[in-house]
Number of protein chains: 2
Amino acid sequence: MTTDSANSLQATTLTPVAYVRSCFTERFGIPRQAGLVKSATASIVFANSESNMLSLRGIEDFSHLWVIFLLHKQHYKNPKALVSPPRLGGSKRVGVFATRSPNRPNPVGLSAVRLESIEQGSQQILLHIRGADLLDGTPVLDIKPYVPFVDSIEQANGAWAEHIETPMPVTWSEPARNCLRRLHGESTDKAGEPGSTLQQLIEETIALDPRPAHERIKDGEAGQSWGMKISDVNVRWQVDNGIALIIKLEKLPVNIYE
Amino acid sequence: MTTDSANSLQATTLTPVAYVRSCFTERFGIPRQAGLVKSATASIVFANSESNMLSLRGIEDFSHLWVIFLLHKQHYKNPKALVSPPRLGGSKRVGVFATRSPNRPNPVGLSAVRLESIEQGSQQILLHIRGADLLDGTPVLDIKPYVPFVDSIEQANGAWAEHIETPMPVTWSEPARNCLRRLHGESTDKAGEPGSTLQQLIEETIALDPRPAHERIKDGEAGQSWGMKISDVNVRWQVDNGIALIIKLEKLPVNIYE
């Protein structure tokens, strides 16, 4: 290896410019790609400073942004070279660079998100975004505008990730639906109506089947259920014959955003 | 700022996994986006190891890749919050996060490139790519497959970067064309024929008008010329009334890849 290439492989230190506030507060259940859960709202939080306001000038002219971030809750001591994507059935292993698996040599993530609005508060500048697959607290390294004429390569071959997976049907148990109605009764939303934000968020997230590949084959096993936090609720569901049944919904005791 | 957000802004150290060998050996003249110079070939160089071969398994099933890299020759002490994109005429300033300018708080770049082939040598594993806007020696932090169903957002609004700029017509002076013929005579390519790789590479690169915005307004000024290295030649050109004239072509004395 020449000196030049050795220089190119030197470690470098980067300092995040912002962090994420998200409805996803734990890793399990987060959509595997950005853009799949349209109801997922989040904010990219900058410190309110003149320099940050200038750096963001004109960003609202773009509809979509690239977020380059750190997968900060990945703490593998030895990143695996091979991973088993769920949509390959969980048995076929491919190289980590041929996947978007979070378990990678450098824990760097890339997501295209929709920019909804920008808000300047007293302490913070908030970029309100939609479609994020980002864990709450995610450190953001960089933001770049999505430039369709170079970034949108429609004819690209996505191999086994070519097409979106068919969403899993999501149904509600009576107790879970009652809880959803109660939660909505507490807010200004119409209780359990189609279009209700929390209901949509839960249904879109579960429909993507967050189960790891090795658990998908347990489909229908008696008593097997999964749980995740979404926004300010705890959701628990079962899967039987490819249909998800939400069995329990619990409001979390504290506001996760405090 | 809470402890949590303070943690999210902590510096982190990343070690590149590979580096780039490119026909672009100096910053000036490099296309401002990936994919614009189809004739630009480059290689992403990994050390030949079992772990790297495993990590790349199956990558050849994808036609395009995202390369997340370090803009390693950007050494600004104080990154500017505002930049002046050439296509806004060089006078209008926008925030750095609303541009792809290389002068940014974290010198992290993002390019979608076409994957041509993968080659395992005795010392190195080479991903041969096309359409790169990457400087020779660029350190690569990560590679991810381009997944069209999430990454290709055709309806995204690219604001002032919505459309590709009209390429600048490129013409050749007789001495420059003669030199191109001689260079081709030394290779197996047909001399100066359309489709000749070096000619295409030069024409596609100059057609993008690499001049910085403040020099574009000098268009037609007597004696003003620009130069850049492309592959193993030095190219010098003038611009008059929006037409580029290549006035000189010189073979570089040493092989830049040594």
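Scoring rules and cut-offs
- Residues numbered from 1 in each chain as written.
- Chains lettered and ligands numbered in written order.
- Predicted model: local features only at pLDDT ≥ 70, side-chain atom pairs only at ≥ 80, totals over all residues.
- Heavy atoms only, no water.
- Contact = heavy atoms within 4.5 Å.
- Buried area = accessible area lost by both parts, 1.4 Å probe.
- Salt bridge = Lys/Arg side-chain N within 4 Å of Asp/Glu carboxyl O.
- Polar contact = N/O pair within 3.5 Å; in protein donor to acceptor, adjacent residues only side chain to side chain.
- Helix = DSSP H or I, 4+ residues; strand = E, 2+ residues; numbered from the N terminus.
- Pairing = 2+ DSSP bridges.
- 1 Å grid on protein atoms, 1.4 Å probe; cavity = no way out; pocket = protein on both sides within 12 Å on 5 of 7 lines; lining within 4 Å.
- Points joined across faces, edges and corners; volume = space filled by probe spheres on them.
- Nonpolar A, V, L, I, M, F, W, Y, C, P; charged D, E, K, R; others polar.
- Axes fitted to C-alpha atoms, helices over the stretch in contact; angles between N-to-C directions.
- Buried < 20%, exposed > 50% of the residue type's maximum accessible area, 1.4 Å probe, protein only.
- Domains from an automatic or database assignment.
- Disulfide = S-S within 2.5 Å.
- Core = buried A, V, L, I, M, F, W, Y, C linked by side-chain atoms within 4.5 Å.
- Least-squares fit on C-alpha atoms with pLDDT ≥ 70 in both.

(A) Local environment of the interface of chain B and chain A. Across the boundary between the two partners, chain B contributes 80 residues, which contact 80 residues of chain A. Summing both sides of the interface, chain B and chain A together bury roughly 7,200 Å²; the carbon and sulfur share of this comes to 63%. Contact with chain A buries area across many residues of chain B, yet Leu14, Phe97 and Phe149 of chain B alone supply 11% of it, more than any other trio. Our count for the chain B to chain A interface comes out at four salt bridges. A salt bridge links Arg104 of chain B to Asp142 of chain A; the nearest nitrogen and oxygen atoms lie 2.7 Å apart. There are 32 residue pairs in polar contact (both at pLDDT 80 or more) connecting chain B and chain A. Broken down by element, the side of chain B that touches chain A gets its largest block of residues, six residues, from strand β9 (residues 139-145) of chain B. Two elements, strand β1 (residues 12-14) of chain A and strand β1 (residues 12-14) of chain B, share three bridges in a ladder whose sense is antiparallel. Across the sheet, the residue bridging to Thr12 of chain A is Leu14 of chain B, located in β1 of chain B.

(B) Representation of empty space enclosed by the protein in the model. According to the stated counting rule, one finds one cavity of 30 Å³ or more in the structure shown. Here the largest cavity is characterised by a volume of approximately 40 Å³. Secondary structure elements with two or more residues in the lining of the largest cavity: β7 (108-120) of chain A together with α3 (148-151) of chain B. Grouping the amino acids of the lining of the largest cavity by side-chain chemistry returns five nonpolar, two polar and two charged.

(C) Molecular detail of the sheet that holds strand β13 (residues 243-251) of chain A. Residues and elements named next belong to chain A. Pairing is mixed in the open sheet, where four strands are placed in the order β10-β13-β12-β11. Here the strands that pair on one side only, and so sit at the sheet edges, are β10 (170-172) and β11 (226-230). Strand after strand, the sheet turns through a mean of 35° between neighbouring axes, direction not considered. In this sheet, β13 lies alongside β10 in parallel orientation, the contact comprising three bridges. Within β13, the position partnered with Val170 by the bridge is Ala244.

(D) The arrangement of the pairing of strand β9 (residues 139-145) of chain A in detail. All names here are of chain A. For β9, the tally of buried residues reaches seven of seven residues, placing the bulk of the element in the interior. One ladder, built from two bridges, connects strand β2 (residues 18-22) with β9; its direction is antiparallel. Residue pairing in the sheet places Ala18 in a bridge with Val140 of β9.

(E) The environment of Asn7 of chain B, seen in detail. Its location among the elements puts Asn7 of chain B in helix α1 (residues 3-8). For the pair formed by Asn7 of chain B and Arg211 of chain B, sequence separation is 204 residues and the distance between their alpha carbons is 42 Å.

(F) Layout of the domain arrangement of chain A. Residue and element names in this part refer to chain A. We note that the domain assignment places domain 1 (14-72 + 107-149) and domain 2 (170-251) within chain A. Taking the mean C-alpha position of each, domain 1 and domain 2 sit 26 Å from one another. At the junction of the two partners, domain 1 supplies 14 residues and domain 2 supplies 17 residues. A per-residue breakdown of the area domain 1 buries against domain 2 is headed by Phe28, Arg32 and Ser39, which together make up 44% of the total. In this structure, the connection of domain 1 to domain 2 is made through zero salt bridges. Summed over the shared surface of domain 1 and domain 2, the number is seven residue pairs in polar contact (both at pLDDT 80 or more).

(G) Spotlight on the state of the cysteines. Residues and elements named next belong to chain B. For the structure on display, the rule yields zero disulfides over all chains. Cys23 takes part in no disulfide bond, and the closest cysteine sulfur to it belongs to Cys179, at a distance of 17 Å. The exposure class assigned to Cys23 is buried, which follows from its relative accessible area of 3%.

(H) Focus on the nonpolar core. Formed by 30 residues in total, the largest nonpolar core has its most connected members in Ile44, Phe46, Ile59, Leu127 and Ile143 of chain A. Secondary structure elements with two or more residues in this core: β2, β3 (41-47), β4 (64-70), β7, β8 (124-130) and β9 of chain A. Other than its neighbours up to four places away in sequence, Ile44 of chain A contacts Ala18, Tyr19, Val20, Val67, Ile125, Leu126, Leu127, Ile129, Val140 and Ile143 of chain A. Counting 29 residues, the second largest nonpolar core, distinct from the first, contains Ala161 of chain A together with Ala18, Val113 and Val140 of chain B.

(I) Examining the relation of the copies chain B and chain A more closely. You can overlay chain B on chain A at an RMSD of 0.0 Å; the transform is a turn of 180° with a shift of 0.0 Å along its axis. Taken together, the rotation and translation describe the operation of a two-fold axis. Mapped onto chain A, 100% of the interface residues of chain B again fall at the interface, so both copies present the same surface.

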